[in-house]
Amino acid sequence: MTAPGQPAKQGPRSLDPHLRRYAARTAGMTASEIRALFAVASRPEVVSLAGGMPHLAALPLESLSAEIGQLVATEGLVALQYGSAHGVPMLREQICDVMALEGINGHPDDVVVTVGSQMGLDMVTRIFCDPGDVVIAEGPSYVGALGSFTAYQAQVVHVAMDADGLVPSLLREALEACKRNGQRVKFLYTIPNFHNPAGVTLAVSRRAEILEICRAYGVLVVEDNPYGLLGFDGQTYPALRSMDPDNVVYLGSFSKTFAAGLRVGWVLAPHAVREKLVLAAESATLCPPTLNQMVVSRYLSTQDWKGQIKTYREAYRERRDAAISALEQHMPQGSTWNIPDGGFYVWVTVPEGIDTKAMLPRAVTARVAYASGTGFYADGFGSRQLRISYCYPTPERIREGVRRLANVIEEEMQLAATFGATPGRQLSGPQTPSPDTA
């Protein structure tokens, strides 16, 4: 006991004086390893194959500049004012036109505009998941989704994919196991088209079966579809929402088909769910930025947005081809990868004995960056995988980046042969999302 008038004994000083004040749900928040290296990885001499940043150079910037200037000049008193948490009515109508390309018959009243689809993910998780609830997700799955699930203390159960996407029989097994264990499954989270990070597309023949399985087990489906219009052959697939409107919440975004920096996405939900989403949006942001919504709306009204999507598809197909040809030319024996038919990503498996998370700092030193596979799993798997994003660099830079990556892998293989393989390491939890892992 400290004598009166004597200073209290000081315990070990924490680097964070607020450590004991944080909510328990913050314990699983882990920063992206790419973000930790981003100050180095963003240097011009480093080829970044990490981030899913769209190819904005393909946009008609002069025309957009004129339209935005006119918008502020003529409608600035509305565009610069507070708005509704529901979203600008005209934009919600236009969003329904966009979704109709994938067979969705949506009503503008059931569309909630969000600050990017990440906000939609966060809101859906917030209104459905209590601590300990289970979310079924493909393995691997999107970093941002895993971060939201962990933030709300939901458990993630992964279900494997193959070349045709989520495997229905394995989904049924996972749901049955959760039922036996007394676990409460709230929803299936799925990216059916040009998956992030796996690059595969859910076969049309499987879609109805997966919806039927979820119905049978009383499980909601959350369909995340930012890449659906970016198929390289121009094909669009029927959205899960189009096949089961009452049991599917659909997440969409203009980040991949227009401009990521505007941060405009949306949720299409069954009517009762829509009401909860509007309340969640009000508590999170009060309202999404009216100016950004009106910019997107004017773009859809005045520009050839379908032609712009075609331009994007052609640019990304060229970059995909550059990535695949470079992988075929340079990657060492024992490496495998998929060939995506749309979207932004190639999922690579490296030879045995290589840990892509442990290798990442050495890759950045060799002036190439990627996203290691462990960030896309909630359970520490993925140490032999990595994601290559081909959407942003030029084809020449992609080829050079893959060449550098292959050299790093070969050096790792030599080290493993000499000193033994790097032991796999478990992550404490999913990583939080950032632009460099989008």
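The rules behind the values
Residues numbered from 1 in each chain as written. Predicted model: local features only at pLDDT ≥ 70, side-chain atom pairs only at ≥ 80, totals over all residues. Heavy atoms only, no water. UniProt positions renumbered as here; feature names shortened; annotations may be inferred. 1 Å grid on protein atoms, 1.4 Å probe; cavity = no way out; pocket = protein on both sides within 12 Å on 5 of 7 lines; lining within 4 Å. Points joined across faces, edges and corners; volume = space filled by probe spheres on them. Helix = DSSP H or I, 4+ residues; strand = E, 2+ residues; numbered from the N terminus. Nonpolar A, V, L, I, M, F, W, Y, C, P; charged D, E, K, R; others polar. Phe/Tyr/Trp six-rings, centres within 6.5 Å; stacked < 30°, edge-to-face > 60°. Buried < 20%, exposed > 50% of the residue type's maximum accessible area, 1.4 Å probe, protein only.

Under an unreviewed UniProt entry, the name given to the protein chain is PLP-dependent aminotransferase family protein, and the organism recorded is Lentzea kristufekii. Taken from UniProt, the Cofactor (unreviewed entry) comment for the protein chain reads in full: "pyridoxal 5'-phosphate".

Asks: Tell me about empty space enclosed by the protein, and name the residues and values.
Replies: Applying the stated criterion across every chain, the model contains three cavities of 30 Å³ or more. Looking at the largest cavity, its volume works out to about 140 Å³. Along the walls of the largest cavity sit 18 residues, with V98, L229, S253, T257 and W266 positioned nearest its centre. Listed by contribution, the elements that provide at least two residues to the lining of the largest cavity are α4 (89-100), β8 (248-253), α11 (290-302) and α12 (305-330). Residue classes in the lining of the largest cavity are distributed as 13 nonpolar, four polar and one charged. Taken together, L64, E67, I68, L71, V295, R298, Y299, T302 and Q303 form the lining of the second largest cavity. Among the elements of the structure, α3 (61-79) and α11 are those that each provide at least two residues to the lining of the second largest cavity.

Asks: So, the packing of aromatic side chains: which residues are in play, and what are the values?
Replies: The tally for this structure, following the rule as stated, stands at 13 aromatic pairs. Aromatic pair Y227 and F344: ring centres 5.4 Å apart, planes at 65°, arrangement edge-to-face. Within this pair, whereas Y227 is found in the loop between β7 (220-224) and α9 (240-243), its partner F344 is found in the loop between β10 (336-337) and β11 (345-349), the two being separated by 117 residues in sequence. Neither Y227 nor F344 differs from the other in exposure class; each is buried. The interplanar angle of 85° and the centroid separation of 5.8 Å between the aromatic rings of Y227 and Y345 together place this pair among those described as edge-to-face. Separated by 118 residues along the polypeptide, Y227 in the loop between β7 and α9 and Y345 in strand β11 bring together distant segments of the chain. On the accessibility criterion, Y345 (1% relative accessible area) is buried. Grouped by ring-pair contacts, the aromatic residues Y227, Y312, Y316, F344 and Y345 constitute a single cluster.

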